[in-house]
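So the chains spell out like this:
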Amino acid sequence: MSPASVPEPEGTLVENSARVAQATPRTVLDASDISRALTRIAHEILERNRGADPVVLLGIPTRGVGLATRISDRIAAVEGRSVPTGSLDVTMYRDDIGLKPARALEHTDIPPGGIDGKVVVLVDDVLFSGRTIRAALDAIGDIGRPKAVQLAVLVDRGHRELPIRADYVGKNLPTSLVERVTVHLTEYDADDAVLIADKPARAEREVQAR
């Protein structure tokens, strides 16, 4: 029997099947879940700040911008008017800018009234280590002096590396470091969903190949 035709041991086949199953994303939030979470966040922002007057929403690209727009629409439905909404690129403020491949610069769009004296609500899709939010705080410091800065995220997956906490959370999602959380929004993707899956075992394959 040639080496190419030698069957894999039964245990190996079971192990490989398990890895494939683990790598298959599973949905933890669907479109309805996301919609309800954003509606709740919008109401919590209004309640905490006693209305929409002081609020400015700044989404962190990419999907934070789409989320900020949706929250703004929900606030407008309650208050009868929109709140200033923009985007904040944090690329040049990241502390890993020289450690990873170059990132494309995103768009920063500050509403005409600025942020001085306002309550700036940063909006992002997933809160993980906290380093993106630290970069956002540095970016805000170069733009103006808000009255306060708050943070709204669709998913908080834990594993913080800095003392940063979200004020508004769509879903707390305990995860392991070997898992990947992916947010889909129809503004950028084919659907609305939050998915979780094991990261590809690339490092393990590289070790086996040595």
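Residues numbered from 1 in each chain as written. Predicted model: local features only at pLDDT ≥ 70, side-chain atom pairs only at ≥ 80, totals over all residues. Heavy atoms only, no water.

### Focus: the sheet that holds strand E3 (residues 85–87)
Here comes step 1: Across the sheet, which stays open at both edges, the five strands sit in the order E3-E2-E4-E5-E6 with parallel pairing between neighbours. The open sheet terminates on both sides in strands that have one partner only, identified here as E3 and strand E6 (168–172). Between one strand axis and the next, the sheet turns through 25 degrees on average, direction left out of account.
Here comes step 2: Helix H2 (residues 31–48) contacts strand E2 (55–59), strand E4 (119–127), strand E5 (148–156) and E6 of the sheet and is inclined by roughly 150 degrees relative to E6.
Here comes step 3: Here helix H3 (residues 63–79) sits on the sheet in contact with E2, E3, E4 and E5, set at roughly 125 degrees to E4. (Pairing = 2+ DSSP bridges. Helix = DSSP H or I, 4+ residues; strand = E, 2+ residues; numbered from the N terminus. Axes fitted to C-alpha atoms, helices over the stretch in contact; angles between N-to-C directions. Contact = heavy atoms within 4.5 Å.)

### So, the nonpolar core
Here comes step 1: One finds Ile45, Leu57, Ile71, Ile75, Val121, Leu154 and Val194 to be the most contacted residues of the largest nonpolar core, which totals 31 residues.
Here comes step 2: Broken down by secondary-structure element, the contributors of at least two residues to this core are strand E1 (26–29), H2, E2, H3, E4, E5, strand E7 (179–184) and strand E8 (193–198).
Here comes step 3: A per-element tally of this core places H2 first, with seven residues.
Here comes step 4: Each residue touching Ile75, except ones within four places of it in the same chain, is listed here: Ala42, Ile45, Leu46, Ala52, Leu57, Gly80, Arg81 and Val83.
Here comes step 5: Listed in part, the 19 residues of the second largest apolar core include Val56, Val90, Ile133 and Val169. (Core = buried A, V, L, I, M, F, W, Y, C linked by side-chain atoms within 4.5 Å. Buried < 20%, exposed > 50% of the residue type's maximum accessible area, 1.4 Å probe, protein only.)

### A look at the packing of H2 against H3
Here comes step 1: Relative to each other, H2 and H3 sit at 60 degrees, their axes nearing to 9 Å. Accordingly, the angle class assigned to the pair H2 and H3 is oblique. The two elements H2 and H3 meet at a crossing, and its hand is right-handed. Residue-level inspection shows Ile34, Ser35, Leu38, Thr39, Ile41, Ala42, His43, Ile45 and Leu46 of H2 in contact with H3, the latter providing Leu67, Arg70, Ile71, Arg74, Ile75, Val78 and Glu79. (Parallel < 35°, antiparallel > 145°, perpendicular 65-115°, else oblique. Left-handed = near helix turned anticlockwise from the far one by under 90°.)

### Comments concerning H2
Here comes step 1: With 18 residues, H2 should cover 26 Å at 1.5 Å per step; its first-to-last C-alpha distance of 26 Å lies within 8% of that length.
Here comes step 2: In the stretch just after H2, Arg50 is the one whose phi turns positive, near 55 degrees. (Expected span 1.5 Å × (residues − 1).)

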